[in-house]
Number of protein chains: 2
Amino acid sequence: MLKDIEIVAPLDIEKRSFEIITEELGDRKFPKEWENIIKRVIHTTADFEYADNLYISETAVESGINALKSGCTIVTDTTMVMSGINKRVLGSLGGDVKCFIADEDIKEEAKAKGITRSAVAIDKASRDKNIKIYAVGNAPTALIRLYELIEKGEMEKPQLVVGVPVGFVNVVESKELFVNSDIPCIIARGRKGGSNVGASIINALLYTVSENRRD
Amino acid sequence: MLKDIEIVAPLDIEKRSFEIITEELGDRKFPKEWENIIKRVIHTTADFEYADNLYISETAVESGINALKSGCTIVTDTTMVMSGINKRVLGSLGGDVKCFIADEDIKEEAKAKGITRSAVAIDKASRDKNIKIYAVGNAPTALIRLYELIEKGEMEKPQLVVGVPVGFVNVVESKELFVNSDIPCIIARGRKGGSNVGASIINALLYTVSENRRD
């Protein structure tokens, strides 16, 4: 069986993968600034549905890249999204990433209020002025709370919202809130998404800013 | 738009999600011990293809559960898989999880040998006698190396291999090595998989062992 394995040098694996993705996308063309994002998400999921599912608002890429270039903080709803983001490249731009979900104050407040920790964590994030990018890969309740705070004017509009929760309860609806808003956003429409998708969208933007990303 | 959002209490969201999954699976029936795993992976991905893609070898569930009950160490190929595993439940069973990918010695050895860090990390893991479960969510090179070491008799057969790398280069082939072996394994056949899938399979087993999983 091992004879079926093709020998590919480590640094060439990703290159080869992207070639296969490009080939299988065939005649489909995307605006240049969307292409990196769409292909990286397909690379992360092996799911070509994302060629149709990803909604990228008009100003999202430019706005997100400007935020990254300015050395902003990214907040994520789960530690998995945080874990998947390339911290070396983010750090080289002066940025960092935070996730409040496991903080003791979040747990207590969520229990007291009977709402999800993800929603309470968004409240906490909204008070941190250096957070310019929200990456939500799991919790629709986080996305809904974020939308409420922005719409009520209780926080500044973020420079980018990556909204890719996955699942069955309020997931589609939470994402459509952003699709129908003027908030710069990248959204995986429908039920699909996930922490890996969230991290890969952030990484696609990071790699667009910084070509020197290998360690 | 917010009126479209259904109010569901935090603890009920997962329950409701599983009800929807069960409903949409319709007449499909799975052996009881597979059902938790298949449904949790669908819950994590919103991708019903996993009802067909998951290969669970005959002894995999029993063997994996025995390992977890004995308080073993799980090793993962990426920090994302590690991040997604419920450490509270794992810890309550006396187990823990390790990931060697970012270790300095791994980086140096991979560079010197011109192979992936993921493969070198498997060599390191194979020398740790308390590691009974391998969870590979990303790197086919890790899965291939693991297969080689087991087949050559250079390490004991693990009690469970969760093999769910995702992608385009050697991914399908690396997984078929295990499908065609007598190693207890849970494999996402085809190109799909990912760190989220890897973590959710481990969590499904953990939740089977421990019902008391809420924090």
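Quick caveat: nothing in here was measured; it's all calculated off a predicted structure.

Residue and element names in this part refer to chain A. Running from amino to carboxyl end, helix 9 (residues 140-151) crosses helix 10 (residues 171-179) at an angle of 30°, the nearest separation of the two axes being 9 Å. The angle between the axes of helix 9 and helix 10 places the two elements in the roughly parallel class. Of the two possible hands of crossing, helix 9 and helix 10 adopt the one that is left-handed. Here Pro140, Leu143, Ile144, Leu146, Tyr147 and Ile150 of helix 9 lie close against helix 10, whose contacting residues are Val171, Ser174, Lys175, Leu177 and Phe178. Looking at the contact of helix 9 with helix 10 residue by residue, the class counts come to nine nonpolar, one polar and one charged.

As a further point, take the relation of the copies chain A and chain B. To go from the first copy of the chain to the second, apply a rotation about an axis and then a shift along the same axis. Least-squares fitting of chain A to chain B yields an RMSD of 0.0 Å, with the transformation described by 0.0 Å of translation along the axis and a rotation of 180°. The transformation just described matches what one would write down for a two-fold rotation axis. No C-alpha of chain A approaches the rotation axis more nearly than that of A:Met80, which lies at 2.7 Å. A share of 100% of the interface residues of chain A reappears at the interface of chain B, consistent with the copies meeting face to face through the same patch.

Now for unusual backbone geometry. Residue and element names in this part refer to chain A. With a phi angle near 55°, Ala46 is a residue other than glycine that sits in the positive phi range. Examined against the element boundaries, Ala46 turns out to sit in the loop between helix 2 (32-45) and helix 3 (50-53). Looking at Ala46, the relative accessible area reads 8%, which means it is buried.

Here we come to the pairing of strand 4 (residues 131-136) of chain B. Residue and element names in this part refer to chain B. Counting buried residues along strand 4, five of its six residues qualify, which places the element largely inside the surrounding structure. Of the pairings in the sheet, the one linking strand 2 (residues 73-76) to strand 4 comprises four bridges and is parallel in character. Bridging across to strand 4, Thr76 finds its partner in Ala135. In terms of strand pairing, strand 4 meets strand 5 (residues 160-163) through four bridges, oriented parallel. From the neighbouring strand, Ile133 faces strand 5, where its bridge partner is Leu160. With respect to chirality, the unit in which strand 4 leads through helix 9 (residues 140-151) into the neighbouring parallel strand 5 is right-handed.

This part is about helix 4 (residues 60-69) of chain B. Residues and elements named next belong to chain B. When you tally the buried positions in helix 4, you get seven out of 10 residues, the bulk of the element. Looking only at helix 4, the buried set comprises Ala60, Val61, Ser63, Gly64, Ile65, Ala67 and Leu68. Immediately downstream of helix 4, the backbone of Gly71 shows phi near 75°, a positive value.

Another aspect to go through is the interface of chain A and chain B. On the chain B side, the residues contacting the 47 residues of chain A number 47 residues. Both sides together, the interface formed by chain A and chain B hides about 3800 Å², and carbon and sulfur atoms give 69% of it. Seen at the junction of chain A and chain B, the total is four salt bridges. Among the salt bridges present, the one from B:Arg191 reaches A:Glu24, with a minimum N-O distance of 2.5 Å. For the pair chain A and chain B, the interface holds seven residue pairs in polar contact (both at pLDDT 80 or more). Of the residues forming the side of chain A that touches chain B, the biggest block, seven residues, is contributed by helix 1 (residues 10-25) of chain A. Tallied by class, the residues present in the side of chain A that touches chain B amount to 19 nonpolar, 16 polar and 12 charged.

Glancing now at the sheet that holds strand 2 (residues 73-76) of chain A. Residue and element names in this part refer to chain A. If you walk across this open sheet you meet the six strands as 1-6-5-4-2-3, and the pairing is mixed. The two strands at the open ends of the sheet, each matched to only one other strand, are strand 1 (54-56) and strand 3 (96-98). With strand direction ignored, the average angle separating the axes of adjacent strands in the sheet is 15°. In the packing of helix 10 onto the sheet, the strands contacted are strand 1, strand 5 (160-163) and strand 6 (185-188), and the crossing angle to strand 6 comes to about 150°.

Sequence positions flagged by UniProt for "domain: Cobalamin biosynthesis precorrin-8X methylmutase CobH/CbiC" (unreviewed entry) are, in local numbering, residues 12-207 of chain A. This span, residues 12-207 of chain A, is 55% helix and 12% strand, and a straight line between its end C-alpha atoms measures 17 Å.

Okay, the pattern of salt bridges next. All names here are of chain A. Under the counting rule described, the total for this entry stands at 34 salt bridges over all chains. In this structure, Glu14 engages Arg40 in a salt bridge whose closest nitrogen and oxygen atoms are separated by 3.0 Å. Taken together, the residues Glu14 in helix 1 and Arg40 in helix 2 connect sequence positions 26 residues apart. With relative accessibility at 11%, the residue Arg40 sits in the buried group.

Turning our attention to empty space enclosed by the protein. Any empty space left between atoms is shown by rolling a water-sized probe over those atoms. Tallying each qualifying case throughout the model produces three cavities of 30 Å³ or more. Of the pockets and cavities examined, the largest cavity occupies roughly 120 Å³. Looking at the largest cavity, it is lined by 14 residues, and the ones nearest its centre are A:Thr45, A:Tyr50, B:Thr45, B:Asp47 and B:Tyr50. Counting only elements with at least two residues in the lining of the largest cavity, the list comes to helix 11 (195-209) of chain A together with helix 11 (195-209) of chain B. Residue classes in the lining of the largest cavity are distributed as four nonpolar, six polar and four charged. By volume, the second largest cavity is sized at about 70 Å³. Looking at the second largest cavity, the residues that line it are B:Val75, B:Thr76, B:Asp77, B:Phe100, B:Ser118, B:Ala121, B:Ile122, B:Tyr134, B:Ala135, B:Val136 and B:Ala142.

Turning our attention to the packing of aromatic side chains. Residue and element names in this part refer to chain B. Under the defined criterion, the tally for this structure stands at four aromatic pairs over all chains. Ring geometry for Tyr147 and Phe178: centres 5.7 Å apart, planes at 70°, overall edge-to-face. Taken together, the residues span a long stretch of sequence, with Tyr147 in helix 9 and Phe178 in helix 10 (residues 171-179) at a distance of 31 residues. When sorted by exposure, Tyr147 lands in the same class as Phe178, which is buried.

What counts as what
Residue indices begin from 1 for each chain and proceed along its sequence in written order. Chains carry letters and ligands carry numbers; both start at the beginning, A for chains and 1 for ligands, and go up in the order they are written. With the structure being a predicted model, the display of local features is reserved for residues of pLDDT at least 70 and the display and counting of side-chain atom pairs for 80 or more, all residues being used for whole-chain, interface and lining totals. As a rule here, side-chain values cover all heavy atoms of the structure and leave hydrogens and water aside. Axis angles are defined between N-to-C directions and span 0 to 180 degrees, where every axis is a line fitted to C-alpha atoms and, for a helix, only to the segment in contact. A run of H or I in DSSP becomes a helix once it reaches four residues, and a run of E becomes a strand once it reaches two; helices and strands are each numbered from the N terminus. By the definition adopted for this analysis, an angle is roughly parallel if under 35 degrees, roughly antiparallel if over 145, roughly perpendicular if from 65 to 115, and oblique otherwise. The hand of a helix crossing depends on one turn: near helix anticlockwise from the far one by less than a right angle means left-handed, and clockwise means right-handed. Contacts: residue pairs with any heavy atoms within 4.5 Å of one another. Just so you know the grouping, Ala, Val, Leu, Ile, Met, Phe, Trp, Tyr, Cys and Pro go in nonpolar, Asp, Glu, Lys and Arg go in charged, and all remaining residues, Gly too, go in polar. The superposition of copies rests on a least-squares fit of C-alpha positions from residues with pLDDT of 70 or more in both. The classification of residues rests on relative accessible area computed with a 1.4 Å probe and restricted to protein chains. Under 20% of the type maximum is buried, over 50% is exposed, and intermediate values are partly exposed. Two strands make a pair as long as DSSP finds a minimum of two bridges between them. Handedness of a crossover: with both strands directed away from the viewer, a clockwise path from the first strand across the helix to the second marks it as right-handed. Buried area: the accessible surface (1.4 Å probe) lost by two parts on joining, summed over both. Between Lys or Arg on one side and Asp or Glu on the other, a salt bridge is scored when a side-chain nitrogen of the former is within 4 Å of a carboxyl oxygen of the latter. Here a polar contact is taken to be a pair of N or O atoms separated by no more than 3.5 Å, where protein atoms must pair a possible hydrogen donor with a possible acceptor and residues adjacent in sequence count only if both atoms sit in side chains. UniProt positions are given in the numbering used here, feature names are shortened, and annotations may be inferred rather than shown by experiment. For each structure, a 1 Å grid was placed over the protein atoms alone; sets of points admitting a 1.4 Å probe that cannot get out are labelled cavities, open sets with protein on both sides within 12 Å along at least five of seven lines are labelled pockets, and lining residues have an atom within 4 Å of a point. Grid points are joined across faces, edges and corners, and a volume is the space filled by probe spheres set on the points. Whether two aromatic rings pair depends on their centres lying within 6.5 Å, for rings of Phe, Tyr and Trp, where Trp uses its six-membered ring; planes under 30 degrees apart make the pair stacked, over 60 edge-to-face, and the rest tilted.

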